[in-house]
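Working through the structure, step by step
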Amino acid sequence: MPIASEVISRLSKEYGKNVVRQGVEYEDPGRVQTGVFPFDLASGGGFPRGRISVIYGPESSLKTTMALLAIANEQKMYPHRACVFIDVENSFDPEWASMLGVNVKKIIHVLPDYAEQVVDMCEDFLEASDVSIVVVDSLAAMITIRESEKSAEGENPGVSGLVIGKLYRKTNNVIGRQSREGHFPALILINQIRYKIG
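Residues numbered from 1 in each chain as written. Predicted model: local features only at pLDDT ≥ 70, side-chain atom pairs only at ≥ 80, totals over all residues. Heavy atoms only, no water.

Thoughts on the overall build of the protein
Counting its regular elements, the protein contains seven helices and seven strands. Going from N to C terminus, the protein has its helices and strands arranged as α-β-α-β-β-α-β-α-β-α-β-α-α-β. Taking the principal axes of its C-alpha atoms as reference, the protein extends roughly 60 × 45 × 35 Å. The buried share of the protein, taken over its 198 residues, is 37%. Put simply, of all contacts in the protein between residues at least 6 apart along the chain, 71% involve residues at least 24 apart. For the protein, the accessible area works out to roughly 12200 Å², and carbon and sulfur atoms hold 53% of it. (Helix = DSSP H or I, 4+ residues; strand = E, 2+ residues; numbered from the N terminus. Buried < 20%, exposed > 50% of the residue type's maximum accessible area, 1.4 Å probe, protein only. Contact = heavy atoms within 4.5 Å. Areas by Shrake-Rupley, 256 points an atom, 1.4 Å probe, with all protein chains shown as cover.)

Structure, rendered in structure tokens:
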């Protein structure tokens, strides 16, 4: 019967040194500040690096503005890092972004057609060693290939939820792998509060 150290040794050889280790050294990767003092104070310094954050609220409640402020601040603090804005709603306003301090010439602006592309693009950008923030605006606007090909009258219960679940699982896996390598990208997802009629 093996002892724990033997199991750790075997698993480390099989899966890599960073997967199984004895004792945990906490490394604080820091936070992405927005420059909005009450938010940064309440959240412990801004959006956490190496984590998935979700901004949600009713329509026109400054969700995108908060994400853009985080990008603007990150570009000022770390000009060599890349910031990605995945524009599902096709509503990115470069003039407004510039007014908030975003360097629109350096931002990576992505316009996906389908929700499945959002998942793959998020995963690819999070794996890039120089990407600091990825923003998805917004989950509510994502449409799946299956949804787009069917009639508007047809029902597609749970299809969007399945893709969003996949987005969480795949990006969380990538961020976890990156964190073990010492790179801590921040993923910011924007969503809207939905009210069921009736």
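Things to note about the packing of aromatic side chains
The full count for this structure, using the stated rule, is two aromatic pairs. Each ring, one from Phe39 and one from Phe47, has its centre 5.1 Å from the other, and the planes form 50 degrees; the classification is tilted. Judged by relative accessible area, which is 5%, Phe47 ranks as buried. Ring geometry for Phe85 versus Phe92: centroids 5.1 Å apart, planes at 50 degrees, classification tilted. The two residues Phe85 and Phe92 agree in class, both being buried. The cationic tip of Arg81 hangs over the ring face of Tyr78; the distance from NZ or CZ to the ring centre is 3.8 Å. (Phe/Tyr/Trp six-rings, centres within 6.5 Å; stacked < 30°, edge-to-face > 60°. Lys NZ or Arg CZ within 6 Å of the ring centre and 35° of its normal.)

Focus on the pattern of salt bridges
Counted according to the given criterion, the structure contains five salt bridges. Residues participating in the shared-partner salt-bridge network are Arg49, Glu74 and Arg81. (Salt bridge = Lys/Arg side-chain N within 4 Å of Asp/Glu carboxyl O.)

What to know about the pairing of strand β3 (residues 52–57)
The two faces of a sheet get side chains in turn, since along a regular strand they alternate between them. Side chains Ser53, Ile55 and Gly57 project from β3 onto a buried face, and the interleaved Ile52, Val54 and Tyr56 project onto a face without burial. Where β3 meets strand β7 (residues 186–192), six bridges bridge the pair, whose relative direction is parallel. For Ser53, the partnering residue across the bridge sits in β7 and is Ile188. (Pairing = 2+ DSSP bridges.)

Describing unusual backbone geometry
That bond from Asp137 to Ser138 is cis: its omega, 0 degrees, falls within 30 degrees of zero. For Ser138, the position within the fold is in the loop between β6 (131–137) and α6 (145–149). Look at Leu62: it is not a glycine, yet its phi comes out positive at around 70 degrees. With respect to the element layout, Leu62 can be found in the loop between β3 and α3 (63–77).

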